[in-house]
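# Survey of secondary and tertiary structure
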Number of protein chains: 2
Amino acid sequence: MEFTTEYFGSLVEQALENIDYPTTAPKLFDPIKYTLSGGGKRLRPSLLLAAFSALSHKNPQEAMNQALGIEMFHNFTLLHDDVMDKADIRRGRPTVHRRWNENAAILSGDAMLTMSCQLIACCAGDKLQDLLSIFNTTAMEVYEGQQLDMEFERRNDVAVSEYLEMIRLKTSVLLACSCAIGALMAGAGRDVVKAFYDYGINLGLAFQLRDDWLDTYGDPAIFGKEIGGDIVNRKKTWLLINGLSEAGEELGGIISENLDDRELIAQVVRVYDRLNLGERCCLLAERFSKTAIDALENVELNHNAREFFIQLALKAANRSH
Amino acid sequence: MEFTTEYFGSLVEQALENIDYPTTAPKLFDPIKYTLSGGGKRLRPSLLLAAFSALSHKNPQEAMNQALGIEMFHNFTLLHDDVMDKADIRRGRPTVHRRWNENAAILSGDAMLTMSCQLIACCAGDKLQDLLSIFNTTAMEVYEGQQLDMEFERRNDVAVSEYLEMIRLKTSVLLACSCAIGALMAGAGRDVVKAFYDYGINLGLAFQLRDDWLDTYGDPAIFGKEIGGDIVNRKKTWLLINGLSEAGEELGGIISENLDDRELIAQVVRVYDRLNLGERCCLLAERFSKTAIDALENVELNHNAREFFIQLALKAANRSH
């Protein structure tokens, strides 16, 4: 067995194509199939299968329902978030509420959430109560993260600690839940499940901070999109929140002026650079990446498995796209 | 112990007030508390507690988490349906998306769906797999019912059998699921669970057909709202669907004219009356009510319990409001 995200991702891709949908109201499922066929890295289900495979010698297909449940849930959150954000494009294609309409996006999203519960609960036997408990708790945390994210958009006094808690909820807990469910499905004990959960939390924080950095400091040719979008949208990233806390009057003045995009980005980046925020953001991402790797230190893993989790954490904090 | 909907409803009402909500993002839960405090008959959780109490001597509180889960789910569907229907008023108060906004309604609704899963799964032990299976299957059917309902609004050729299947999915299965979960929690065997499920299906069909009848033929003083709303909205009720199938040209002509409301209602009712649709609708509701009662015939129940289910079924088909 290969131990790569490509391998696990290809297993997930195949399994997604073989999902059976009810036939009574087929139009309910068209937006779901569309959403799930949009690609993406399949990071969460791959993490789940990787944790499962690192801790057992069973066929990864035995944890596939749970992997699909996580991917279904993740795509449900994207679908409803896109409605809430009025986003037009997702992964290069029209979002569901643009291609169909808002009602289709709401109702099909609801169906995806219930389908994800069905998949998580499928064939899980004596592990069922633990799986549901972590899955449902995580789901609630993801909604809380989205709620805080929306509230932060209307506030100019968000503290760095509040921001880190928000991205922990909105992004990290689902990665952590994926790792923990993989470990649970492999029959791991409480300590090992906790270690994998902590790995996922720190991986998510590293990943999100690097994301914030890339949007301002990435190379557009490699990153694949224009840089500065977060600045133009006044998005409350780690960079902006720290900038507002350390040079609030100056930065607040710049972003409330009616500058054209290019000038706005240039002026904001000048402040960021003076405060050395780009480098500090990268350093913090690297620290979370290291904490992720350390979380698995005391877990017995073979070489390939450990390398998989180490390389993924390093990549989260150092990737260029 | 009393065996009345008022008694079970009051237990549910108390328990709803004692639900613990997470504290990280309190604003996420304001619309949920608002929705749940809006009253309503608490019919579904009362049915669940009644089935549980009819089949066991345990304290009904032992099935309360599942009862709350069902009520939470029902209110989640109302919340998202109100967004989809752009409804302004629910139970005499502004709907959540009017009082807050659409994003709050979507996200809080999602949280309600996950909370309902948590409640259903709470303390259910060895019954967990069965409970989740019927609950999740029912949830999917409710979405399919809502999908068909929205599709029917754009069609003029809906068959009566399609309509009955739609209301079975949109309304009946959740009543049936409530009864079945009550029986499952009481430790009932497969046949008894099935009997209670069938009771709920037929109760729901009787209830919905009487609802269709009341909107056109009810006494507004007792019914509590203006009659004819369904006709004005061209809603595909049992009456209109049968009318279109039996006097399609005439009725299609009337509802496509630009008549004022009072004249429209009068002309449509004249056609309904000629086809005897009001009486036929009531007779069908009574038939479903009788089938509901018959479903429990072979289940051993004490006098009070049986009377509860009989009277509820009779009331569904004969109520004036």
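Residues numbered from 1 in each chain as written. Chains lettered and ligands numbered in written order. Predicted model: local features only at pLDDT ≥ 70, side-chain atom pairs only at ≥ 80, totals over all residues. Heavy atoms only, no water.

## A short note on the overall build of chain A
The line we're drawing: Numbering goes from the N terminus for both helices and strands, where a helix is a DSSP run of H or I of at least four residues and a strand is a run of E of at least two. In this description the radius of gyration comes from C-alpha coordinates, and the expected globular size is given by 2.2 Å times residues to the power 0.38. Under the scheme applied here, a residue whose accessible area is under 20% of the maximum for its type counts as buried, over 50% as exposed, and between as partly exposed, the area being computed with a 1.4 Å probe on protein chains only. The protein chains shown are the only cover counted for residues, whose accessible areas, like all others here, come from Shrake-Rupley with a 1.4 Å probe.
When helices and strands are tallied, chain A shows 16 helices and two strands. Its C-alpha atoms give chain A a radius of gyration of 20 Å, within 12% of the compact-globule value 20 Å for 321 residues. By principal-axis analysis of the C-alpha atoms, chain A measures approximately 60 × 50 × 35 Å. In chain A, which comprises 321 residues, the proportion classed as buried is 59%. Per element, the accessible surface of chain A, about 13800 Å² overall, is 48% carbon and sulfur.

## Quick notes on the interface of chain A and chain B
Test applied: Residue contacts are defined here by distance: any two heavy atoms, one from each residue, within 4.5 Å place the two residues in contact. The term buried area refers to how much accessible surface (probe radius 1.4 Å) is lost by two components on association, counted for both of them together. What makes a salt bridge here is a side-chain nitrogen of Lys or Arg within 4 Å of a carboxyl oxygen of Asp or Glu, nothing more. Polar contacts here mean pairs of N or O atoms no more than 3.5 Å apart (in protein, one a potential hydrogen donor and the other a potential acceptor; neighbouring residues in sequence count only if both atoms are side-chain atoms).
Contact residues are listed per partner, giving 39 residues for chain A and 39 residues for chain B. For the pair chain A and chain B, the summed buried area comes to about 3600 Å², and 67% of that belongs to carbon and sulfur atoms. Broken down residue by residue, the surface that chain A buries against chain B is led by L107(A), M140(A) and E144(A), which jointly contribute 16%. Viewed at the interface, chain B and chain A are joined by zero salt bridges. Counting every contact that joins chain A to chain B gives six residue pairs in polar contact (both at pLDDT 80 or more). At 14 residues, helix 7 (residues 128-153) of chain A tops the list of elements feeding residues into the side of chain A that touches chain B.

## Quick look at the packing of aromatic side chains
For the record, the criterion: Here a Phe, Tyr or Trp ring, Trp counted by its six-membered ring, pairs with any other such ring whose centre lies within 6.5 Å, and the pair is stacked when the planes are under 30 degrees apart, edge-to-face when over 60, and tilted otherwise. Our definition puts a charge over a ring when NZ of Lys or CZ of Arg is within 6 Å of the ring centre and also within 35 degrees of the ring normal.
For the structure shown, the criterion picks out 28 aromatic pairs over all chains. Ring centres of F76(B) and Y143(B) lie 6.4 Å apart, and the angle between their planes is 85°; on these two criteria the pair is classed as edge-to-face. With F76(B) in helix 4 (residues 64-85) and Y143(B) in helix 7 (residues 128-153), this pair connects stretches of sequence that are 67 residues apart. Across the pair, exposure class does not vary: F76(B) and Y143(B) are buried alike. A connected cluster of aromatic rings, assembled from ring pairs, spans F3(A), Y7(A), F8(A), F196(A), Y199(A), F308(A) and F309(A). Between R319(A) and the ring centre of F207(A), over which it is positioned, the NZ or CZ distance is 3.9 Å. The lysine or arginine in question, R99(B), covers the ring of W100(B), its NZ or CZ lying 4.9 Å from the ring centre.

## Re helix 12 (residues 238-246) of chain A
In an α-helix there are 3.6 residues to a turn, and that puts residues three or four apart on one side. Residues and elements named next belong to chain A. The buried fraction of helix 12 is high, at seven of nine residues. W238, L239, L240, I241, N242, G243 and L244 are the residues of helix 12 that are buried. Those residues of helix 12 hidden inside the fold are in contact with helix 8 (160-185), helix 9 (190-217), helix 13 (248-256), helix 14 (261-274) and helix 15 (277-295).

## Section: the packing of helix 9 (residues 190-217) of chain B against helix 16 (residues 303-318) of chain B
Residues and elements named next belong to chain B. Keep this limit in mind: Axis lines are fitted to C-alpha atoms, over the contacting stretch for helices. Their N-to-C directions set the angle, which ranges from 0 to 180 degrees. An angle below 35 degrees is treated as roughly parallel, one above 145 as roughly antiparallel, one from 65 to 115 as roughly perpendicular, and anything else as oblique. Each residue is assigned to one class: nonpolar for Ala, Val, Leu, Ile, Met, Phe, Trp, Tyr, Cys and Pro, charged for Asp, Glu, Lys and Arg, and polar for all the others, Gly among them.
Two elements in contact, helix 9 and helix 16, have axes whose closest approach is 7 Å; the angle formed by their N-to-C orientations is 25°. As far as their axial angle goes, helix 16 and helix 9 are roughly parallel. Judged by residue contacts, F196, Y199, L203, A206, F207 and R210 of helix 9 engage F309, L312, A313, A316, A317 and N318 from helix 16. Of the residues in the contact of helix 9 with helix 16, the class split is 10 nonpolar, one polar and one charged.

## Considering the pattern of salt bridges
The final tally for this structure, using the stated rule, is 26 salt bridges over all chains. We note a salt bridge from D294(A) to K290(A), for which the minimum N-O separation is 3.0 Å. In this pair, D294(A) and K290(A) both sit in helix 15, four residues apart, roughly one turn of the helix. Taking the shortest distance from any N to any O, the salt bridge between R155(B) and D157(B) comes out at 2.9 Å. On the basis of relative accessibility, which here comes to 25%, the residue R155(B) falls in the partly exposed class.

## As for the confidence of the model for chain A
Put simply, the test is: pLDDT is defined as a per-residue confidence score from the predictor, taking values between 0 and 100.
In this model, chain A carries a mean pLDDT of 96, and residues with pLDDT of at least 70 account for 100%. Here the prediction assigns the complex a pTM of 0.96, and the interface score ipTM is 0.96.

## Comments concerning the side chain of E71(B)
Residues and elements named next belong to chain B. Note that E71 resides in helix 4. Within the structure, the side chain of E71 is placed 2.7 Å from the side chain of R42, a separation counted as a polar contact. When neighbours within four sequence positions are excluded, E71 is seen to be in contact with L16, L36, R42 and P45.

## Observations regarding the relation of the copies chain A and chain B
Condition: Residues reaching a pLDDT of at least 70 in both copies supply the C-alpha atoms on which the copies are superposed by least squares.
Superposing chain A onto chain B takes a rotation of 180° combined with a translation of 0.0 Å along the rotation axis, leaving an RMSD of 0.0 Å. Taken together, the rotation angle and the small translation identify this as a two-fold axis. Mapped onto chain B, 100% of the interface residues of chain A again fall at the interface, so both copies present the same surface.

## With respect to the packing of helix 9 of chain A against helix 15 of chain A
Residue and element names in this part refer to chain A. To keep it simple, the criterion reads: For any helix crossing, the convention is left-handed if the near helix is rotated counterclockwise from the far helix by under a right angle, and right-handed if that rotation is clockwise.
Packing of helix 9 against helix 15 leaves a shortest axis separation of 8 Å and a crossing angle of 160°. Judged on the interaxial angle alone, helix 15 and helix 9 are roughly antiparallel. Between helix 9 and helix 15 lies a crossing of left-handed hand. Contact with helix 9, carried on its side by A195, D198, Y199, N202, L203, L205, A206, L209, R210, W213 and Y217, involves G278, C281, C282, L284, A285, F288, S289, T291, A292, I293 and A295 of helix 15 and no other residues of that element. Here the residues of the contact of helix 9 with helix 15 are counted per class, giving 16 nonpolar, four polar and two charged.

## Remarks on the side chain of R210(A)
Residues and elements named next belong to chain A. Basically, it comes down to this: Charged residues are defined narrowly, with Lys and Arg counted positive, Asp and Glu counted negative, and His plus the chain ends left uncounted.
With respect to the secondary-structure elements, R210 resides in helix 9. No salt bridge is formed by the buried R210; the nearest opposite charge belongs to E286, separated by 5.6 Å. For R210, the contacting residues outside a window of four places in its chain are C282, A285, A316, A317, N318 and R319.

## Some remarks on empty space enclosed by the protein
The method is simple in principle: a probe with the dimensions of a water molecule rolls over the atoms, and the space it marks as empty is what remains. So the rule is basically this: Space inside and on the surface of the protein is sampled on a 1 Å grid over the protein atoms alone, with a cavity defined as a set of points where a 1.4 Å probe fits but cannot get out and a pocket as an open set with protein on both sides within 12 Å along at least 5 of 7 lines; lining residues have an atom within 4 Å of a point. Grid points are joined across faces, edges and corners, and a volume is the space filled by probe spheres set on the points.
All chains considered together, the criterion is met by five cavities of 30 Å³ or more. In this model, the largest cavity occupies a volume close to 160 Å³. Lining the largest cavity are 14 residues, with T35(A), D82(A), R90(A), T95(A) and V96(A) sitting closest to its centre. Those elements giving two or more residues to the lining of the largest cavity turn out to be helix 2 (30-36), helix 4 (64-85), strand 2 (93-94) and helix 5 (96-99) of chain A. No other element matches helix 4 of chain A, which puts four residues into the lining of the largest cavity. Residues that form the lining of the largest cavity fall into these classes: five nonpolar, five polar and four charged. For the second largest cavity, the calculated volume is near 130 Å³. Taken together, the elements giving at least two residues each to the lining of the second largest cavity come down to helix 2 (30-36), helix 4 and strand 2 (93-94) of chain B.

## Looking at helix 9 of chain B
Using the following cut-off: Here the expected span of a helix is defined as 1.5 Å times the quantity of residues minus one.
In a regular helix each residue adds 1.5 Å, so 28 residues correspond to 40 Å; helix 9 of chain B covers 40 Å between its end C-alpha atoms and thus fits that length. Burial of helix 9 of chain B is extensive: 21 of the 28 residues sit out of reach of the surface.

## Overview of unusual backbone geometry
Residue and element names in this part refer to chain B. Even without being glycine, K86 reaches a positive phi, approximately 50°. One can find K86 in the loop between helix 4 and strand 1 (89-90). A relative accessible area of 53% places K86 in the exposed class. A positive phi angle, close to 55°, is found at R234, a residue other than glycine. By the secondary structure assignment, R234 is in the loop between helix 11 (229-232) and helix 12 (238-246).

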